[in-house]
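Listed below are the residues making up each chain.
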Amino acid sequence: MRKLRTRISVLILLVLCLSGCSLMKSLESGLPLWYFGSRNTKTQVFFVGEGTASTQRQAELIAFTDLTDKLSSYLGTPTSRSVYRELSTDGTIAAYGLAVSERFVRTGEDGNVMVLIRVVADRSILDSFRSPEAVELGTRLDRIEALILKGDEEIKQGHDITGLRYYLQSMVLSGKTDTRNLRKEYSFDTILDEVLYVLGTIEMTVQDPHPEIPSCTVSVRRRGSFISSPVAECPVFTSFEAVDGRYETYNDSYVFSTDSKGLFHFTAVNPNILASGTVTFMLGLSDEISEVAEVSESAARKLREAMLDTSFNFAYQKKHSMGVIAVTALEYSSSGQYISDGTSTDYIAGLFEKDGAQAISSPAEYDLQDLFLVDSAASRFPDAGVLFLSRSGIIETVVSDTGVTAVSMEGSVTLYNLRDSSIVYSSGIVYATGFGNSFEEAFENGRNTISDIFYSLVKAVYV
């Protein structure tokens, strides 16, 4: 007997799932199915009036008032008292081809009576009375419903965030629209509750973390009663701190999207990401929630809080896996003469050390070919894994009428593996210009600028 009951319960559950939300809501609330599922057709228009009072007649009159209000909204013009009297006494409005089709009465535990009245009208007759403004309003209501239905379809296909975007768009539109004739299940508050519910079922987790790079795989799934399911095509807003060419910290961000398995691989797209910090992952709905805030700040606040509950921070500490880096920066004057003061070598080594890497200055006393410099660094610094080798020179010096000097430079940088002398990275030709009140100042700014560029290029691969 217990097995039979279990089978019956499962079958009932399946029937309910297959029958749709309207039937579920009807069974849960005890209200009639037509209260949730009265959708207009090409030939008919439905309205449902609600009323609650201490007596049934009072509740009926309130329900008829609700009906005429909705009818006025649909037509775009106020209905007359005679229309109300005809509907409340005869149950019809002959001029509109309208008549009562269903009634529902329920007495609550507190003694109050609830009355629901559904009427149906001939669309071709009723629409002939509509104002242009009402027609436009009807179009907006149809748009709200269409957005919600599109959201439903996306969520059924596992595209939860895409579905929520449609829901949020519908909320914004409904918040700016007279929605008295919109089905209650499509109202602003109802959809808000649905969005919050869906957000509450979504969780993001990290798989295969590599905080020393940093990189990880992010999984976005929807928790279910028994199993979880992947959230596909889910935009995830990713933010972190980076440092610019002036070594000032700024916030950078990118948007990733999950695949059909609800996964995406994160790696630091910006090579100037801080050596240590956190990467924040958050569902990509900020723009839509900002639009909701224009309608209701309290609703937007609830949505932001729900978004924060699904977000998480991934802590990382970059590790330079190539080991100690030797730095050699060669510079040349405008005439091609080698400058052997080692200033840029120390400057670039300092940039690596500031970013947490172990660097060794290896200034070249003489202008030698790359392979000689690589062999020299490998023998002098056995603990070093790579050699940063740059060459740059002055290509032009210009003094303006105002006395400002500009020094233009060009050069390139190569990263060598000291174990086998192979090239790890090689840049193309890089250009930079320094300005100053004298040649010395302009040259100093120019060599620092091109060194910063070299460093940023190599930093992207030196991990």
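Look up: the structure comes first, before these words.
The rules behind these values
- Residues numbered from 1 in each chain as written.
- Predicted model: local features only at pLDDT ≥ 70, side-chain atom pairs only at ≥ 80, totals over all residues.
- Heavy atoms only, no water.
- Axes fitted to C-alpha atoms, helices over the stretch in contact; angles between N-to-C directions.
- Helix = DSSP H or I, 4+ residues; strand = E, 2+ residues; numbered from the N terminus.
- Parallel < 35°, antiparallel > 145°, perpendicular 65-115°, else oblique.
- Left-handed = near helix turned anticlockwise from the far one by under 90°.
- Contact = heavy atoms within 4.5 Å.
- Nonpolar A, V, L, I, M, F, W, Y, C, P; charged D, E, K, R; others polar.
- 1 Å grid on protein atoms, 1.4 Å probe; cavity = no way out; pocket = protein on both sides within 12 Å on 5 of 7 lines; lining within 4 Å.
- Points joined across faces, edges and corners; volume = space filled by probe spheres on them.
- Patch = residues over 30% accessible without salt bridge, like charges linked within 9 Å, V, L, I, M, F, W, Y side chains within 5 Å.
- Areas by Shrake-Rupley, 256 points an atom, 1.4 Å probe, with all protein chains shown as cover.
- Salt bridge = Lys/Arg side-chain N within 4 Å of Asp/Glu carboxyl O.
- Buried < 20%, exposed > 50% of the residue type's maximum accessible area, 1.4 Å probe, protein only.
- Arc of directions from axis to C-beta.
- Core = buried A, V, L, I, M, F, W, Y, C linked by side-chain atoms within 4.5 Å.
- Pairing = 2+ DSSP bridges.

**A look at the packing of helix α12 (residues 343-354) against helix α14 (residues 439-459)**
- The N-to-C vectors of α12 and α14 enclose an angle of 40°; their axes lie 10 Å apart at closest approach. As far as their axial angle goes, α14 and α12 are oblique. The crossing of α12 and α14 is right-handed. The segment α12 lies against α14, with Thr343, Ser344, Tyr347, Ile348, Leu351 and Phe352 engaging Glu444, Arg447, Asn448, Ser451, Asp452, Tyr455 and Val458.
- Of the residues in the contact of α12 with α14, the class split is six nonpolar, four polar and three charged.

**Focus on empty space enclosed by the protein**
- Throughout the structure, instances matching the rule amount to two cavities of 30 Å³ or more.
- The computed volume of the largest cavity comes to approximately 50 Å³.
- Looking at the largest cavity, the residues that line it are Ala329, Glu331, Tyr338, Ile339, Ser340, Asp341, Gly342, Thr343, Ser344, Thr345, Pro363 and Ala364.
- With three residues, the single largest contributor to the lining of the largest cavity is α12.
- Along the lines of polarity and charge, the residues of the lining of the largest cavity split into five nonpolar, five polar and two charged.

**Some details on a nonpolar patch on the surface**
- On the surface, a cluster of nonpolar side chains totalling about 340 Å² of accessible area is made up of Tyr366, Leu368 and Phe372.
- When its relative accessible area of 37% is taken as the criterion, Leu368 is described as partly exposed.

**Observations concerning helix α13 (residues 370-380)**
- For α13, the full list of buried residues reads Leu373, Val374 and Ala377. Angularly, the buried residues of α13 cover 100° about the axis, an arc narrow enough to put them on a single face. Across from the buried face of α13, at angles greater than 90 degrees, the exposed residues are Leu371, Phe372 and Ser379.
- Next to the buried residues of α13 lie β13 (324-332), β16 (384-399) and β17 (405-417).

**Brief notes about the nonpolar core**
- Core analysis: the largest hydrophobic core is formed by 50 residues, its most contacted members being Leu164, Val195, Val220, Phe281, Leu283 and Val292.
- Sorting elements by how many residues they give to this core places helix α8 (residues 160-175) first, with seven residues.
- Ignoring sequence-local partners within four residues, the contact set of Val292 consists of Leu168, Met171, Val172, Phe188, Ala299, Ala300 and Leu303.
- Val327, Ala357, Phe443 and Tyr455 belong to the second largest nonpolar core, which has 24 residues in total.

**Some points on the sheet that holds strand β9 (residues 249-257)**
- The sheet built from four strands is open, its strands ordered β9-β8-β11-β12 with antiparallel pairing. Looking along the sheet, the strands with just one partner apiece sit at the ends: β9 and β12 (312-317). On average, each strand axis in the sheet is inclined to that of its neighbour by 25°, with strand direction left out of account.
- Bridging between strand β8 (residues 235-243) and β9 involves nine bridges; their strand directions are antiparallel. Along β9, the bridge assignment pairs Ser239 with Ser253.

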